[in-house]
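# Structural description and commentary
Residue-level listing of the chains:
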Amino acid sequence: TRSAVDLGRFGSEPVLNPDGTPLLDHNGQVIPLEKLLQSKPLRSELASRAGPGGRKLTYMSGDSVTRALNDVFGFDGWCLDIKNTNREVCFEFNSLDSSFPLDPSE
């Protein structure tokens, strides 16, 4: 396991541009990895859709997530390992005839 000292150092290294130079903020200060990881996504990277109960769900597309990970860790600097998948089907109750559809595509 990592100690608190090790965890404190994580993220202090600078984010690098593709040419190897440090990424700078608008004040010319080097941006540490920790600060970049704590930042919120840009509005242009967000999408929304209708959710349950008429609520609006906001999310990032897979392409936006991939771009953000490549920006932070570099191409081939991260990986995705899917451990498990499952499919959940939600049936809607038909109050007119008090029944549930048998086919989820209905």
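In this text, all values refer to a predicted model and were calculated from it rather than measured experimentally.

About the criteria used
Along every chain, residues carry numbers that run from 1 in the direction the sequence is written. Local features in this predicted model are restricted to residues of pLDDT 70 or higher, and side-chain atom pairs are both shown and tallied only at a pLDDT of 80 or more, whereas totals for entire chains, interfaces and linings draw on every residue. With hydrogens and water set aside, each side-chain value is computed from the structure's full complement of heavy atoms. Secondary structure elements follow DSSP: runs of H or I no shorter than four residues count as helices, runs of E no shorter than two count as strands, and numbering proceeds from the N terminus. Under the scheme applied here, a residue whose accessible area is under 20% of the maximum for its type counts as buried, over 50% as exposed, and between as partly exposed, the area being computed with a 1.4 Å probe on protein chains only. Residues count as neighbours in contact if any of their non-hydrogen atoms are within 4.5 Å of one another. All accessible areas in this document rest on Shrake-Rupley with a 1.4 Å probe, and a residue is counted as covered only by the protein chains that are shown. The convention is simple: Lys and Arg are positive, Asp and Glu are negative, and His and the chain ends are not counted. We define a salt bridge as a side-chain nitrogen of Lys or Arg found within 4 Å of a carboxyl oxygen belonging to Asp or Glu. To estimate how far a helix should extend, the number of its residues minus one is multiplied by 1.5 Å. For two strands to be treated as a pair, DSSP must find no fewer than two bridges joining them. The quantity known as pLDDT measures the predictor's confidence residue by residue, on a range of 0 to 100.

Scanning the chain from terminus to terminus reveals three helices and two strands. Expressed as a percentage of its 106 residues, the buried residues of the chain come to 8%. For the chain, restricting intrachain contacts to residue pairs at least 6 apart in sequence, the fraction spanning at least 24 positions comes to 10%. Counting every atom, the chain has about 9500 Å² of accessible surface; 54% of that belongs to carbon and sulfur.

Let us look at the side chain of Asp25. Within the secondary structure, Asp25 sits in the loop between helix H1 (4–9) and helix H2 (33–38). No salt bridge forms around the buried Asp25; measuring N to O, its nearest opposite-charge neighbour Lys35 is 4.1 Å away.

Before going further, it helps to spend a moment on helix H3 (residues 62–73). The end-to-end C-alpha distance of H3 is 16 Å, a good match for the 16 Å that 12 residues give at a rise of 1.5 Å each. Remark: Gly74 follows H3 within two positions and exhibits a positive phi of approximately 85 degrees.

Take the environment of Cys79 next. Mapped onto the secondary structure, Cys79 falls in the segment after H3. In this structure the C-alpha to C-alpha distance between Cys79 and Leu69, which are 10 residues apart in sequence, comes to 9.4 Å.

On to the pairing of strand E1 (residues 46–50). Side-chain direction in a regular strand flips from residue to residue, so the side chains alternate between the two faces of the sheet. Relative to strand E2 (residues 56–60), E1 runs antiparallel, the two sharing five bridges. Bridge pairing links Leu46 to Met60 in E2. Hairpin connection between E1 and E2: a loop of five residues separates the two successive antiparallel strands, and Gly53 in this loop has a positive phi of roughly 70 degrees.

Turning next to the pattern of salt bridges. Under the criterion given, the structure shown has one salt bridge. For Lys83, the salt bridge is made with Asp81, and the minimal N-O distance between the two is 3.0 Å. A relative accessible area of 51% means that Asp81 is categorised as exposed.

A separate point is the confidence of the model for the chain. For the chain, per-residue confidence averages 76 on the pLDDT scale, and 75% of positions sit at 70 or higher. Mean pLDDT in the chain bottoms out at H1, which sits at 44, and peaks at E2, which reaches 91. For the stretch residues 1–8, pLDDT sits under 50, and the model shows two contacts to residues farther than four places along the chain or on other chains.

Glancing now at the environment of Phe75. Along the chain, the position of Phe75 falls in the segment after H3. Put simply, Phe75 and Pro18 are 57 residues apart on the chain and 9.8 Å apart in space, counted from C-alpha to C-alpha.

The next thing to look at is unusual backbone geometry. In this structure, Asp76 takes a positive phi of about 65 degrees despite not being glycine. The topology assignment puts Asp76 in the segment after H3. The exposure class of Asp76 is exposed, given its relative accessible area of 67%.

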